[in-house]
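Below are the chains, spelled out letter by letter.
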Amino acid sequence: KEVMTIEVQPKPQQPHIYERYIQPLVAELLGTAAFVFIGCLSVLEETEGTGKLQPALAHGLVLGPLISALGDI
């Protein structure tokens, strides 16, 4: 006679409070602070001929690494 075995898988646990609330808040805080800080630093030195291109490039170039580093959180 063949006996059929059934594996019972445990119910997945809910994420820890740190992963659910604190980690996303810290990631948002760091990402926003870095974005604003680098954006403000890009316009501190007024150089002739850069116009609006320098702040736009600074914001755009900082956005990529921030999304890569903090995006999965």
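Within an unreviewed UniProt entry, the label attached to the chain reads AQP8 protein, and the organism entered is Brachypteracias leptosomus. The annotation that UniProt attaches to the chain under Subcellular location (unreviewed entry) is "Membrane".

A separate point is the overall build of the chain. If you tally the helices and strands in the chain, you get two helices and zero strands. By the compact-globule yardstick of 11 Å for 73 residues, the chain is too spread out, its C-alpha radius of gyration being 23 Å. By principal-axis analysis of the C-alpha atoms, the chain measures approximately 90 × 25 × 10 Å. Within the span of the chain, comprising 73 residues, buried residues form 11% of the whole. Surface summary for the chain: the accessible area is close to 6900 Å², and the carbon and sulfur share equals 64%. Distance from the positive charge centre (4 side chains) to the negative charge centre (8 side chains) of the chain: 20 Å.

Thresholds applied
- Residues numbered from 1 in each chain as written.
- Predicted model: local features only at pLDDT ≥ 70, side-chain atom pairs only at ≥ 80, totals over all residues.
- Heavy atoms only, no water.
- UniProt positions renumbered as here; feature names shortened; annotations may be inferred.
- Helix = DSSP H or I, 4+ residues; strand = E, 2+ residues; numbered from the N terminus.
- Rg over C-alpha atoms; globule rule 2.2 N^0.38 Å.
- Buried < 20%, exposed > 50% of the residue type's maximum accessible area, 1.4 Å probe, protein only.
- Areas by Shrake-Rupley, 256 points an atom, 1.4 Å probe, with all protein chains shown as cover.
- Lys, Arg positive; Asp, Glu negative; His and termini not counted.
- Charge placed at Lys NZ, Arg CZ, Asp CG, Glu CD.

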